[in-house]
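Here are the chains, one letter per residue:
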Amino acid sequence: MIVRAVRLFPLIITPRLLPPPAALRWCAGSSMEPLKTAIQDPDFTVAKPAVVEKQEESPPVGLLPGETVVREGKAAILFPNANEVFYNPVQEFNRDLTCAVITEFSREVLAQRGVKVLVPGEKERVVVSLSDDPSEADTQGEKTDTEETGIVTATVGQKCERGLRVLEGLAASGLRSVRFALEVPGLRSVTANDFSRKAAVLIARNAEYNKVGELLQASCKDASMLMYEMRGRNDRYDVIDLDPYGSPASFLDAAVQSVSEGGLLCITCTDMAVLAGNSGETCYSKYGSVSIKAKYCHELALRIILHSLDQRANVYQRYVQPLLSVSVDFYIRVFVRVFTGQATVKNSASKQALVYNCVGCGSFHLQRMGRRTNNGKHTKYSAATGPPVGPACEHCGQRHQLGGPIWAEPIHDQGFVQKVLTAISGNPSRFGTSKRIEGILSMVTEELEDTPLYYTVDSLSSTIHCNTPPLLQFRSALLHAGHRVSLSHACKNAIKTDAPPAAIWDIMRCWEKSNPVKREKLSEMTPAFKILSTESSFEACFTVRDDANPQSRQRHLTRFQENPQAFWGPKARAKTGGGIADNLQQRRMKNQNKRKNQITDSTQLKSFPCKKFKQGTCTHGDKCSYSHEPEYTTEEKME
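The rules behind each value
Residues numbered from 1 in each chain as written. Predicted model: local features only at pLDDT ≥ 70, side-chain atom pairs only at ≥ 80, totals over all residues. Heavy atoms only, no water. Axes fitted to C-alpha atoms, helices over the stretch in contact; angles between N-to-C directions. Helix = DSSP H or I, 4+ residues; strand = E, 2+ residues; numbered from the N terminus. Parallel < 35°, antiparallel > 145°, perpendicular 65-115°, else oblique. Left-handed = near helix turned anticlockwise from the far one by under 90°. Contact = heavy atoms within 4.5 Å. Nonpolar A, V, L, I, M, F, W, Y, C, P; charged D, E, K, R; others polar. Pairing = 2+ DSSP bridges. pLDDT = per-residue confidence, 0-100. Buried < 20%, exposed > 50% of the residue type's maximum accessible area, 1.4 Å probe, protein only. Right-handed = clockwise from strand over helix to strand, strands pointing away.

Asks: Which parts of the structure should I look at to understand the packing of helix α16 (residues 471-480) against helix α17 (residues 501-514)?
Replies: Packed helices, taken two at a time, are described by the angle between their axes plus the distance between the axes. Viewed as axis vectors pointing N to C, α16 and α17 meet at an angle of 125°, and their least axial separation amounts to 11 Å. Of the possible angle classes, the one that applies to α16 and α17 is oblique. The crossing of α16 and α17 is right-handed. Where α16 approaches α17, its residues Q473, F474, A477 and L478 are matched on the opposing element by I504, I507, M508 and W511. Taken together, the residues of the contact of α16 with α17 sort by class into seven nonpolar, one polar and no charged.

Next up, the structure:
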C-alpha cells in the first residue's frame, strides 16, 4: 500500500498531470483518504475528491500497512516503521520547552494586540500590589477591569485572527507543528515544511489525523527558498523554528530576514563536535568563529551560534536579543528575538569578543572586538585595545589558544525565563518533562548574567594534581573573598565567577596546603610546579556559607538527569529513499564501549581485517592475528 500511495502521489499533487475533474475519484476501500490540509506550494497541491451526491462524512485517516501511532504531548503521529522521516523520542524535552517558550512569547506579544491567552490547566494569574495605599489598589483594579473589557481570548486548537504565524522549516513527520497547533494558544497559522515529498504527505495526514487542518498547513519546499519568499514586511513569520539534522548554518541567513519585527527564532544545533572544538576550521566556515577544546566548550557553543545569528542579522540592519540559551543532552537550543535598528546595530562589535585560553592551566581571558563609550546623549565607537594577556600565561608559563569571536553579552533574558518557569511550576501536568524543564530553568535564573564561560572544579584540581575540593567549600571560598559565584546548567561541576584567574589559583594554593601533593614528583616544566611555586596573596576561608548552596540544589530539582535510554544520542539521518540500514543497531552495539572493553584474546582479532594486508605489506602471513580474507565489492556480493 505504501508503494501504491507513493505511485499515486505525483498524480495527486501535480496540477499539470491532473485528469479532468470528473475523473478525480478516490478508489473505494483505499486507506489513503483525501487530505483536507492544503500543502502550500504552487507546484504541490492536493486535489480534492469529486463532488458526489449524498456524500457521507469522510472516515478518519487510517493507518497504512506498517505504520504505528506515536503519542507525545497531546499529539498522535502516524509514523512509518521504516525511518522514512526523522524522529527522535529523546528530544521530547526540546519540543516541550519550545511549546512553553512560544506560549509565553505569544502571551507577551498578543497582550499588545488586545488578545488574552488561555492555557488549559493554568490558574488565573493574580496581580499583587505592593503598595499600602488602598486608593491606589482600587485604581489599579478599575484599570484592569477597563482593560479587560472587549479583550479577545485565544485558546489552544482554535485559529486566532490576531495570532502568530509560525513556520517549522524542517518538519519531518510534523510532530512539532501538530503539538504547536494543539498546545500553544494564540496562533493564526502553522506552516510545517519539509523538502521530502513523503514527509509532506505524512505531515498532511497527521494534521488531518489530529483534526488541526484549520491551523496547520503542509508545505514541500526548500526551507531557505520558502523563507526567502516571505521576506516582505507583511509576509514575515512571527515564529520560525529550525531543528535540522546537524548544522543550521545554511538556513540562518534566510531566517533572520523572514522573521517579523520582534519575532522569535528557535534554533537547534546538533553538530556539537564542530562547536565544541574538535574541528575549529569547520566551525569557522559555518559560523564565522573558531571553536577551541576547553572545559567550557558547551557554553562556548551557545555563544558561537549567538554570534553567528547576530552577525548575519547585522547585514540587514537587524540585531538579536537572546531570550533563552540552553545546552542539554547532545545539542544546544537558542531562542532569540530579532529587531531592526541601524543605531543599535553599531553596538554589535562591542558585544563580540575573542577568547584567549591557556593550554596549560585553562585560564581564559576575553578581548572585546570593539569599544563603546557613552558621553551623555552621544555614543562614541572606537577600536578595542589589547591583548589582555602576554606572550605566555602569567600563572603557568604556557602559551595561549585564540578562539572566537563569540557573543560576550548575557545569553538569557532573566525576566522572560522567570515567566516561563512560573508557568511550568504552576501547571506541571502540561508537559511530560516539566520536572526537568523546571530544574534547568531554575539553574538558568541563578547563573551570573555578566560572566561569560566557566571553570570546573575537577579540572582546576587536575592541573595541580591535588584532591578535588567539595563544591560548596570552593564556592564559599570565592564568596568569602568578595566575589560572586554561580553554577551553570551546561556542566555539573561548573563554577561561574567574576573572580580573576589569579584569585582562583590563590584559593587552589590554599587548598593544596591542607591537601598537599608530592612536589618532588613534579617536573619544573609542568603547570602544577609553576603555580605551586608562587605563594598565595591571601588566606582563603573554606567554611561553608549558607548562600553557597543555590536553591535549585537545595530543592533537589532535576538538573542533570541520567541517560534516558540506551543509544539515546543522535539517530541516523533519514535516507532520501526512506529506510535505514538493517544492521545499524548491531553496529551501534558493536562500537559501544569499544575503548573500555579491550580485547584480551588474540583469536578475537581474526574478525577484523588486516590493514597492512590491504596495502600488500603484511609480512606475517598465516601467523598474522588479523584477517586476510579479501573484501568483496557490492557487485561481487550480489553475484
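Still to come is the rest of the account.
Asks: Whenever I open this one, the sheet that holds strand β19 (residues 491-497) confuses me. Can you help?
Replies: One key point about sheets: their strands pair by backbone hydrogen bonds, in either a parallel or an antiparallel sense. Read from one edge to the other, the open sheet built from three strands follows the order β17-β19-β18, with strand pairing classed as antiparallel. Edge positions in the open sheet fall to β17 (455-456) and β18 (485-488), since each of these has one partner strand only. Sheet analysis places β17 next to β19, joined by two bridges and oriented antiparallel. In the sheet register, Y455 faces β19, and the bridge partner there is I495.

Asks: What is the right way to look at the confidence of the model for the protein in this model?
Replies: Low pLDDT marks stretches whose predicted atomic positions should not be read closely. Summary statistics for the protein give a mean pLDDT of 82 and a share of 77% for residues scoring 70 or more. Note on residues 40-59: pLDDT is under 50 here. Beyond four places in sequence and across chains, it has 43 contacts. For the stretch residues 577-582, pLDDT sits under 50, and the model shows nine contacts to residues farther than four places along the chain or on other chains.

Asks: I tried to follow the pairing of strand β6 (residues 187-193) on my own but got confused; where do I start?
Replies: The two faces of the sheet receive side chains in turn, since in a regular strand these alternate between them. Among the seven residues of β6, six are classified as buried, and the element is accordingly described as predominantly covered. Pairing between strand β5 (residues 159-168) and β6: six bridges, direction parallel. Bridge pairing links R165 to S189 in β6. Considered for its hand, the β-α-β crossover made up of β5, helix α4 (residues 175-183) and β6 is right-handed. Two elements, β6 and strand β7 (residues 216-219), share four bridges in a ladder whose sense is parallel. Directly across from V190, in β7, lies its bridge partner L216. Following the backbone out of β6, through helix α5 (residues 197-209) and into the adjacent parallel β7, one traces a crossover that is right-handed.

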